[in-house]
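Close look at the chain arrangement
Take a look at the letters that make up each chain.
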Amino acid sequence: MDVEFRIKRFDGSKSYWQSFKVPVRKGMTVLEGLYYIKENIDPSLAFRASCRMGICGSCAIKINNKPRLACETQIMHLGGKTVTLEPLDNFKVLKDLITDFEGFFAKHEFVRPYLIRDDVDYNEPVELIQTPKELEAYYIFSLCIKCGACYSVCPAAATRDDYLGPAAITAAYRFCADSRDRGKEIRMDLVSSDNGVWRCHFAAECSEVCPKKIEPAKAIQKMRLASTFYMLKNIFR
Amino acid sequence: MAISGWFKVSGRSVFSLAFSFHRITGIILLIYLCMHLAYLTSLTDKTGQTYEGLIGVTVTPAFLAFDALLVLCGVYHGINGLRVIIHEFGLAYEYRKAILAISIVLILAVWLYASYVMYKLVVGG
Amino acid sequence: MEKTSAKHVFEPLAWLLQLITGILLAFLITIHFYVTHLESHEAISYAAVIERLSSPSYKIMYVLLLLFVSFHAFNGLRAILLDTNFGAKRRGFTNVVTMLLFLLAFFYGFYLLLII
């Protein structure tokens, strides 16, 4: 059976729609459809992909208006004879379905997404013990694959370019909630700026589209609450 | 993306729609607040004539549709707001679907009751 | 970095107050609607309004309602503006203007309550 792939393309100066007929069989993913087009019809079609198994986060695009991983979306599950593909919203489009992720990665780096401790001694390394319960407090937030789907649907990210975004704030919370971390205050200062936690108004669409179901909306609420108490307690310090 | 990013419908979940309505009703109510303060300025006429004149025009069946929509905005923003407050305090995130459903039901119920009250006031009596 | 300066406490305080005034407004506006609509059609006549405004408990209720709704509305506007690049580039200006508008709305309504 044939399905029409209607793709929003961009050549550097103008965007335009182009349709391709793709022969589809059960189990075929959107990513396989894209590869089919590239290999058999138009080699100039540009898209990002790598692992094709939902772990690298490269192939997130808008499929029928919803950001999803192309490698995890089966064409027959979408229903209908047309599949509409567009690059993620709120990112600058470089070519066709490829968007600029530099800013997104910079925001992630900004929140210092690594354990911060003051007792690191490489000559006498100490094992940091953690109970299963302590792990549970942040584990799910550590599964982010940086695909950008959350940022694509966030209304704050739509109108404010420097908003840190769900992924970065979730990463900040992941470390703040990690019992081995000692950098909570540093990170809270970073996310409490006005391009941080204060821009979230709980549209919670990020949690709906996350392919790893890591609940960024939950992390942001917790991060904001922690920041509030931290900043207000500072008055009395 | 521009402000249209706040009001996207296609491919969005009920949570996103709830946010979009919350924002638009907030803006409408802000404008209404200013209008309401201006309206109440008529009370400074100690004879009561300006105020009663305004009442005579606005508290009529002709304005009922506008009033019902306004009350919908107020009821929606209030009840949905309480839902958002619960979640922004870090509570009940896991139950957000159920809480949203309950909120919508409450909003409809309260709105219909309030509209009925206004209808009775202006038509029934 | 001076952690206790007013600048650093403004955002969390404003956020917290937005939620708290939201809860209080849910009550106060329900009462306001009840008082003006449910008792009788006469409840919004000029005479009835003046009578309410001369009672101390109603006056207090109205002042509180005015305070909370003015803050909530204009702080909401502030949040909306700061959600945009326009507001982001002029953060101080946006904060000052919206808070001034809040005070303007409050003092105007307070003035009305005094002179009516």
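So, here is what we can say about the structure in this document. Worth saying up front: this structure is predicted, and the values here are computed from it rather than measured.

A separate point is helix H10 (residues 216-233) of chain A. Its 18 residues place the ends of H10 of chain A 26 Å apart at the C-alpha level, agreeing with the 26 Å of an ideal helix rising 1.5 Å per residue. Summarising burial for H10 of chain A: 13 of the 18 residues are buried, a large majority.

Next up on the list: the packing of helix H1 (residues 14-40) of chain B against helix H3 (residues 56-82) of chain C. Between H1 of chain B and H3 of chain C, the shortest axis-to-axis distance is 10 Å and the interhelical angle comes to 135 degrees. As far as their axial angle goes, H3 of chain C and H1 of chain B are oblique. As for the relative orientation of H1 of chain B and H3 of chain C, their crossing is left-handed in sense. Of H3 of chain C, the residues touching H1 of chain B (which contributes Arg23, Ile27, Leu30, Leu33, Cys34 and Leu37 of chain B) are Leu66, Val69, Ser70, Ala73, Phe74, Leu77 and Ile80 of chain C. Grouping the amino acids of the contact of H1 of chain B with H3 of chain C by side-chain chemistry returns eleven nonpolar, one polar and one charged.

We now examine the interface of chain B and chain C. Contact with chain B, which involves 31 residues of that partner, is made by 32 residues of chain C. Across the interface of chain B and chain C, roughly 2,600 Å² is buried in total on both sides, 76% from carbon and sulfur atoms. The three residues of chain B that bury the most area against chain C are Leu37, Leu43 and Leu121 of chain B, which together make up 20% of that side's buried surface. Counting across the interface, chain B meets chain C through one salt bridge. The shortest N-O distance in the salt bridge between Arg23 of chain B and Asp83 of chain C comes to 2.8 Å. For the interface between chain B and chain C, the tally reads eight residue pairs in polar contact (both at pLDDT 80 or more). Every element with two or more residues in the side of chain B that touches chain C is listed here: H1, helix H2 (49-58), helix H3 (64-88) and helix H4 (96-124) of chain B.

The subject of this paragraph is the pairing of strand S5 (residues 82-86) of chain A. All names here are of chain A. In terms of burial, S5 is a largely internal element, four of the five residues being buried. Relative to S5, strand S1 (residues 2-10) runs parallel, the two being bridged by four bridges. When the sheet's bridge partners are listed, Arg6 is paired in S5 with Thr84. Taken together, the two bridges between strand S3 (residues 60-63) and S5 define a ladder with antiparallel strand orientation. In the strand pairing of S5, Lys62 is matched with Glu86.

Calculation criteria
Residues numbered from 1 in each chain as written. Chains lettered and ligands numbered in written order. Predicted model: local features only at pLDDT ≥ 70, side-chain atom pairs only at ≥ 80, totals over all residues. Heavy atoms only, no water. Helix = DSSP H or I, 4+ residues; strand = E, 2+ residues; numbered from the N terminus. Expected span 1.5 Å × (residues − 1). Buried < 20%, exposed > 50% of the residue type's maximum accessible area, 1.4 Å probe, protein only. Axes fitted to C-alpha atoms, helices over the stretch in contact; angles between N-to-C directions. Parallel < 35°, antiparallel > 145°, perpendicular 65-115°, else oblique. Left-handed = near helix turned anticlockwise from the far one by under 90°. Contact = heavy atoms within 4.5 Å. Nonpolar A, V, L, I, M, F, W, Y, C, P; charged D, E, K, R; others polar. Buried area = accessible area lost by both parts, 1.4 Å probe. Salt bridge = Lys/Arg side-chain N within 4 Å of Asp/Glu carboxyl O. Polar contact = N/O pair within 3.5 Å; in protein donor to acceptor, adjacent residues only side chain to side chain. Pairing = 2+ DSSP bridges.

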